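Observations on the three-dimensional arrangement
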Amino acid sequence: MFENVIADILRVDGVKGVAVVSKDGLLIEGQANDRTIDVENVAAMVATIYGTSLNVSKEVFHEEAIDMITLESPKGKIITVEAGESAVLAVLTDPKVNLGLVRIYLKRNAQKVASML
Amino acid sequence: MTEAKVVERMNERSEEMATKVNNLILYGIYRVLGAGARGLGNSIGEELLHAMMEEYGLNFEGSSDPQELLNRFTEVMVNTFGFAERGEIDVNGNKVTLKLDNPMDLYALQLLEKKGMKPVLYPMANAIAVAIKKFSGKNVLIKGINVDEKHVEVEMMILG
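The numbering scheme is per chain: residues are counted from 1 as the chain's sequence reads. Note on labels: chains are lettered from A, ligands numbered from 1, in written order. Under the rules for a predicted model, residues below a pLDDT of 70 receive no local features and side-chain atom pairs below 80 are neither given nor counted, while totals for whole chains, interfaces and linings still include all residues. Side-chain measures were taken over the full set of non-hydrogen atoms in the model, leaving aside hydrogen atoms and water.

Points about the sheet that holds strand β3 (residues 69-73) of chain A
All names here are of chain A. A pair of strands is labelled paired if DSSP reports no fewer than 2 bridges between them. Runs of E in the DSSP output that reach at least two residues are strands. Runs of H or I that reach at least four are helices, and both are numbered from the N terminus. With antiparallel pairing, five strands are arranged side by side in an open sheet as β2-β1-β5-β4-β3. Strands with a single pairing partner mark the edges of an open sheet, and in this sheet they are β2 (27-32) and β3. Adjacent strand axes in the sheet meet at a mean angle of 10°, parallel and antiparallel pairs treated alike. Any two residues whose heavy atoms approach within 4.5 Å at even a single point are treated as in contact. Orientation is described by axes fitted as lines to C-alpha atoms, over the contacting stretch for helices, and by angles from 0 to 180 degrees between their N-to-C directions. The sheet contacts of helix α1 (residues 3-10) involve β1 (15-22), β2 and β5 (87-93), and relative to β1 the element is tilted by about 150°. The sheet strands contacting helix α3 (residues 99-116) are β1, β4 (76-82) and β5, and the helix crosses β4 at an angle near 35°.

Take a look at the structure:
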């Protein structure tokens, strides 16, 4: 269903994985090149981080909306954006990925996912 | 009151208390995580479905029809699990609707509504979503949870 979305984002240099995740924590579709990652488990965590961040935004900024969530570790990043009212789109990248480029690809593809759900 | 009656009443009260405590735990999770609680839904649904299959006799063997599969789910949920007074699951194309009368978690959901929090997680619906994925390979999204005085209605959508 989302093969094209996933393939498009994986074209970006430094992107190691992509997942379309329902806000209920269900992995709808995803691909990661590191086989040690339990993608289904990470999907649930990503959905929880996204939802909890929304709650933080609501408490602090009085605004229940988020453009993007970036988790930065010395070994990589996980970037998550909303993809419509029922899903989020998340990517796993190298630490030195071109964030601007990833952002463009994510936003573009999040709209595609949103239109399909 | 006979000793047997006292024990029976104590057991009933323990069950009531356990239900109330569980509802308050759910409420506490919502209060801190807000919409983040929603992300827990699939994992909770997996565990609930597992318990219903392993401990409460839910069996999907010999059925590939989604409506039949969900009728069995409802039977175990209501008659064996005792989760609600009455339950109904309708499949209409890619839309699935779960309707429950007086479910056990109604208190928690009403408490949330009173505090102005929108319910985003419904374990029974999450278990249904996991069952559909497990037995038909299709993903299910929970689109809405509606609560009134005595009922809960959950709207779901089957993808693909």
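Once the structure has been displayed, the description carries forward.
Brief notes about the packing of helix α2 (residues 41-54) of chain B against helix α5 (residues 123-136) of chain B
Residues and elements named next belong to chain B. Here α2 crosses α5 at 75°, and the two axes come no closer than 7 Å. In terms of axis orientation, α2 runs roughly perpendicular to α5. Two secondary-structure elements touch here, α2 through G41, N42, I44, G45, E46, L48, L49, M52 and M53 and α5 through P123, M124, N126, A127, V130, A131, K134 and F135. Here the term charged refers only to Asp, Glu, Lys and Arg, the term nonpolar to Ala, Val, Leu, Ile, Met, Phe, Trp, Tyr, Cys and Pro, and the term polar to all other amino acids, Gly among them. Looking at side-chain class alone, the contact of α2 with α5 contains 11 nonpolar, four polar and two charged residues. By definition in this entry, angles of less than 35 degrees are roughly parallel, angles greater than 145 are roughly antiparallel, angles of 65 to 115 are roughly perpendicular, and the rest are oblique.

Let's talk about the sheet that holds strand β1 (residues 86-92) of chain B
Residue and element names in this part refer to chain B. Across the sheet, four strands lie side by side as β1-β2-β4-β3; this open sheet has antiparallel pairing. Two strands in the sheet have a free side with no partner beyond their single neighbour: β1 and β3 (140-147). Strand-to-strand twist of the sheet, defined as the mean angle between neighbouring strand axes without regard to direction, takes the value 15°. As paired strands, β3 and strand β4 (residues 151-158) are joined by seven bridges and run antiparallel to one another. Counted as the bridge partner of I145 is V154 from β4. In the packing of helix α3 (residues 66-80) onto the sheet, contacts are made with β1 and β2 (95-101), and the angle to β1 comes to roughly 165°.

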